[in-house]
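Spelled out from the first residue to the last, the chains are:
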Amino acid sequence: MSSKESKKARDEAKAGQEATIYSLIAKIAEALEKGVVELYNVEIEADELEVRLLSPTPTAPPIPVVITPPKAVVEAKPEVKAAYEVAKAVEVVAKKVVELARVAFEEPKPQFSGRVVEVRLGASKEEGGTREKTYVVGGHTMPAYYYLTGYKPPHPPVFGGDTFDMQIGLPRAVKLAFGDAMGNPAEWARVWVSKYAAEAIDIHLVSTDPSIKDAPPEAAVKVVDQLLQAVKVPIVVGGSGNPEKDVIVFRKIVEAFPSEGLIINSLNLDMKLEDVCPHIAKTNAVVINFSPMDLDKAEQINRKTYDWIPRNRIILDLNIGGIGYGTEYGFTAMERARLSGLLGNELLQHPFNVGAANAWGAREAWITMDPYWGPKEIRGPLWEALTSIICLLTGADYFMLVHPLTVKTMKTIREYLFSEPKPKDPEKALDWLSKALPVI
Amino acid sequence: MPWKPPTPIEIYQLLPKTNCGKCGEANCMAFAIRLASLDAKLEDCPPLIEEEKYKGSYEKLQSLLLPPVREVVIKSPKKVVKIGGKYVLFRHEMRYHNPTAIAVDVDDNMDRDTIIKRVKMIEGFEYEYVGQKLKLDAIAIRSVSNDPKKFAQTVALVAENSSLPLVLCSTNPAVIEAALNVLNPPHHRPLIYAATKDNWREMAEVAKRFDVPLAIASPGDLDLLVSLAKTLSEDMGLKDLALDPGCIVGPGGFAYTIKAFSWLRFKATYDLWKHAGFPLIGTPISVWAQMSGDPKDVMLWEAVLATILITRYADLLIMHSLDGWVLLPQVMWRFQLYTDPRKPVAVPAGLREIGKPNEMSPVIVTTNYALTYSLVSSDAEKAKLNAWLLVIDTEGLAVDVSVAGRKFTGDKVAEIIKSAELEKKVKHRILIIPGKAARVSGDIEDATKWRVMVGPMDSSELGKWLEKNWSSEKIKELMGGS
């Protein structure tokens, strides 16, 4: 700081000095033009002046700064003529020279009074569970990644990997990454954690859907048990989307594993919440409340759930569509919900879950297109990553991801976002201007 | 406090109040309401603009409706791009105006063929989406040679072969001046990139002499950036400026970039601070000079930065990759972000005809989300189907989202069957619903008393699916029971 201040002082002194010189020169020029050509005790080193005033940069422009003197002067004595030319040039420069008007960028200082609750994902041995890795998400007191008043979210976002309890149609890019492991959720989860460093595992119990396999809740409990054995990260238990069946499945699962800090994905207003919430309340499980792009309903379901489950065990999912497929609705719903929460609306002070796997619902993520648009194996993971980044910027906290490349990209971005916003070589940011870049 | 539009009453007081109807509205109050929501322009009221007696009111209205971020116009003889003109920080506060323009570069060291090829690619970039053609907006020309003559030649070559507005990129004022002599404003009105701490006096003189907009680049130094903005606007009389706080990758730089863009826009729209009130320029192209290694990685980071900067307030992006996979998500996300959040992107619900359907043609159910609708109808047309398309009102939501959100329901389908008098138009009683709506098939059968066939997961499969599943035997089989 002190060196910066002294530099500032130096700059100011220099600017002051220069201003004095310019005003003196301007006066001389004026005097010369009026015919007063006698100078006392003043030396003008024309060369030096020219160099300094006309060429502040090594790449000086050929801007005509010297104006051809009027004809009348041509007839004057050589020494007067010379003096006049110098003076005239100096005058023009003196008029042109504008000093940099220094102004400080004052940091924006918005006021927020609300605070997003902190939610713990997974339970360690001390908490009665068996998770070796647990996380806390939420706790925001400011909009994320605006770096206001030095603010960084108190907890970094967490990236989980998706698995399914049966074969479902997944894009080739995903199959390439997991191969045979996809036949068995426990094996799939192991690959996610050991090879691709997923921080949590999401299991989607699709087979329990009555219109698919109608697998019984006991089978679902078994799958979750296998996952809890296979990996030591938090487990996010997803239902089939059938509101009646999910209630039954969720109840069995939390009763079977009451102390693992499971995350139940998800509750919605179509469920008989009174049939499942009291059972979840007795455990240490967290719930994700799902209210697609609708803040009124988000408030409704949260208010209902509060009857049984403490606020710090509730995450909100406002849904997201992949780029091109309704992304803006989820994005704006999240921005609105977070701001509302920070301004004091307690019903929306919850961390966000993002089902970024929806990005694969965008046709551009998986369809074969004209070669110009690139192979789908690149487009797919990119679509998921960019959709996730858009959500991240709203301050989203937990991400359910399908492709390992997304997890990798998101982790790098997280590291960058959480470092001190201070560039090392800012000047290099302009190197692109004059560099020959590879043409691919 | 954020920018607030004037109230319709405030506006009405300053309008002619003659209810002449020349603006297309029934009366001046209706026009005032549209002005207050920024859905109409003052210029839509001819008397206000033309008649001397309203001059004072016109000027007052202009200043009341002036956006806190200045709108800057860049143009070629054929195309105009407006950047900035922003009113709000968050999209839901109103809507964003002037979608982030995207420029892609050529440079003066490229050979003639490469330049022409790139120009044609930039110019020809197009992707059809929701009935819109998504395109690129400008060409950035960089001086790698630092030779005024060479740069001027390149600029002339690009201008001859393109209809797009230009961004002239060099910190050497002589190079920029040479190009401007070729372009001869106001014929062309390119953006000059950029004035820096070292060249700002000369750059400002050039911009002023040719009356063209000027970008200020001050990577890593916000104080200097706004000081230059203040000096150039207040002391040198330049009105059309744009600001680039730097686009820097890696730890520290990346966070700084997001912080700088966010702070600048926050100061402009919430604190109404005039020195931040200019369009913002993002340069994802800079990753090419900051990173090395596999070009695919560089492209990935260019795409990441572009998406972040479109989301975080950039009004113009300068990019290098011309690959479809880098640019496609950008133009799509930009389109979405700049739609009006107060109006869903929806088409009216109802019954549409694909080809020439008859009383035994299939009835295909879809949502009224504009994208879903346009995909389904274009796929059906491509497959040369003769079919009925039953568009239900899902409040502008796509199939999967509307199923999850209970907007795709049996009641909604029954409602449209009734209002479209579908029972008089077809003899069978069979609906084909999207594969992604399989879960609600029972609900639809209960509410409509029609039989439901679950169609393909994606409408690109519709043609093949119907060939296999829509036959007179199948219809008989399904209808036999009822």
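Because the structure is a prediction, the values reported are computed rather than measured. (Residues numbered from 1 in each chain as written. Chains lettered and ligands numbered in written order. Predicted model: local features only at pLDDT ≥ 70, side-chain atom pairs only at ≥ 80, totals over all residues. Heavy atoms only, no water.)

Colleague: Would you mind showing me how to read the pattern of salt bridges here?
Modeller: Any two side chains of opposite charge can pair if their charged atoms end up close together. Residue and element names in this part refer to chain B. All chains considered together, the criterion is met by 41 salt bridges over all chains. Residue Asp 105 pairs with Arg 142 through a salt bridge whose shortest N-O separation is 2.8 Å. With a gap of 37 residues between them, Asp 105 in strand β3 (residues 101-107) and Arg 142 in strand β6 (residues 138-142) connect regions that are remote in the sequence. The salt bridge involving Glu 477 is made with Lys 474; its shortest N-O contact spans 4.0 Å. (Salt bridge = Lys/Arg side-chain N within 4 Å of Asp/Glu carboxyl O. Helix = DSSP H or I, 4+ residues; strand = E, 2+ residues; numbered from the N terminus.)

Colleague: How should a negative patch on the surface be read in this particular structure?
Modeller: All names here are of chain B. On the surface, Asp 393, Asp 411, Glu 415, Asp 443 and Asp 446 cluster together into a patch of negative charge. At the level of elements, α16 (410-419) and α18 (441-448) are the ones that each hand at least two residues to the negative patch. Relative to the helices and strands, Asp 446 resides in helix α18. On the basis of relative accessibility, which here comes to 55%, the residue Asp 446 falls in the exposed class. (Patch = residues over 30% accessible without salt bridge, like charges linked within 9 Å, V, L, I, M, F, W, Y side chains within 5 Å. Areas by Shrake-Rupley, 256 points an atom, 1.4 Å probe, with all protein chains shown as cover. Lys, Arg positive; Asp, Glu negative; His and termini not counted. Charge placed at Lys NZ, Arg CZ, Asp CG, Glu CD. Buried < 20%, exposed > 50% of the residue type's maximum accessible area, 1.4 Å probe, protein only.)

Colleague: What is the right way to read the interface of chain B and chain A from this model?
Modeller: Interface size is often expressed as the accessible area that is lost when the parts come together. Tallying the contact residues gives 114 residues for chain B and 91 residues for chain A. Taken together, the two surfaces of chain B and chain A that pack against each other cover about 9000 Å², and 69% of this comes from carbon and sulfur. Where chain B touches chain A, the interface holds four salt bridges. A salt bridge links Glu 99 of chain A to Arg 201 of chain B, with the nearest nitrogen and oxygen atoms 3.1 Å apart. Linking chain B with chain A are 32 residue pairs in polar contact (both at pLDDT 80 or more). (Contact = heavy atoms within 4.5 Å. Buried area = accessible area lost by both parts, 1.4 Å probe. Polar contact = N/O pair within 3.5 Å; in protein donor to acceptor, adjacent residues only side chain to side chain.)

Colleague: Before we go on, may I ask you to explain the sheet that holds strand β9 (residues 214-217) of chain B in this structure?
Modeller: Residues and elements named next belong to chain B. Ordered by their spatial adjacency, eight strands build an open sheet running β10-β9-β8-β7-β6-β3-β12-β11, and the pairing between neighbours is parallel. The open sheet is flanked by β10 (241-244) and β11 (281-282), the only strands paired with a single partner. Bridge count between β9 and β10: four bridges; the pairing is parallel. Pairing of Ala 217 across the sheet is with Asp 244, part of β10. Of the strands in this sheet, β3 and β6 touch helix α5 (residues 112-124), which is tilted by about 170° from β3. (Pairing = 2+ DSSP bridges. Axes fitted to C-alpha atoms, helices over the stretch in contact; angles between N-to-C directions.)

Colleague: Would you take a moment to explain the domain arrangement of chain B for this structure?
Modeller: With domains assigned, chain B is organised as domain 1 (8-65), domain 2 (71-337) and domain 3 (350-480). A straight line from the C-alpha centre of domain 1 of chain B to that of domain 3 of chain B covers 47 Å. (Domains from an automatic or database assignment.)

Colleague: Just checking my understanding: could you explain the side chain of Glu 335 of chain A for this structure?
Modeller: Looking at the element boundaries, Glu 335 of chain A is found in helix α11 (residues 327-342). Put simply, Glu 335 of chain A is tucked away with no salt bridge, and the nearest opposite charge, on Arg 312 of chain B, sits 5.6 Å away. When neighbours within four sequence positions are excluded, Glu 335 of chain A is seen to be in contact with Tyr 146 and Thr 394 of chain A together with Phe 90, Arg 91 and His 92 of chain B.

Colleague: For this particular structure, what's the right way to read the sheet that holds strand β16 (residues 430-433) of chain B?
Modeller: Residues and elements named next belong to chain B. An order of β13-β15-β14-β16-β17 is seen for the five strands of this open sheet, with the pairing classed as mixed. At either end of the open sheet lies a strand with only one pairing partner, and these are β13 (350-354) and β17 (451-454). Ignoring which end each strand starts from, the neighbouring axes of this sheet average 30° apart. The pairing of strand β14 (residues 363-367) with strand β15 (residues 387-392) spans five bridges and is classified as parallel. Within the sheet, the bridge partner assigned to Val 363 lies in β15 and is Trp 388. Its contacts with the sheet put α16 on β13, β14, β15 and β16, and the angle it makes with β15 is roughly 125°.

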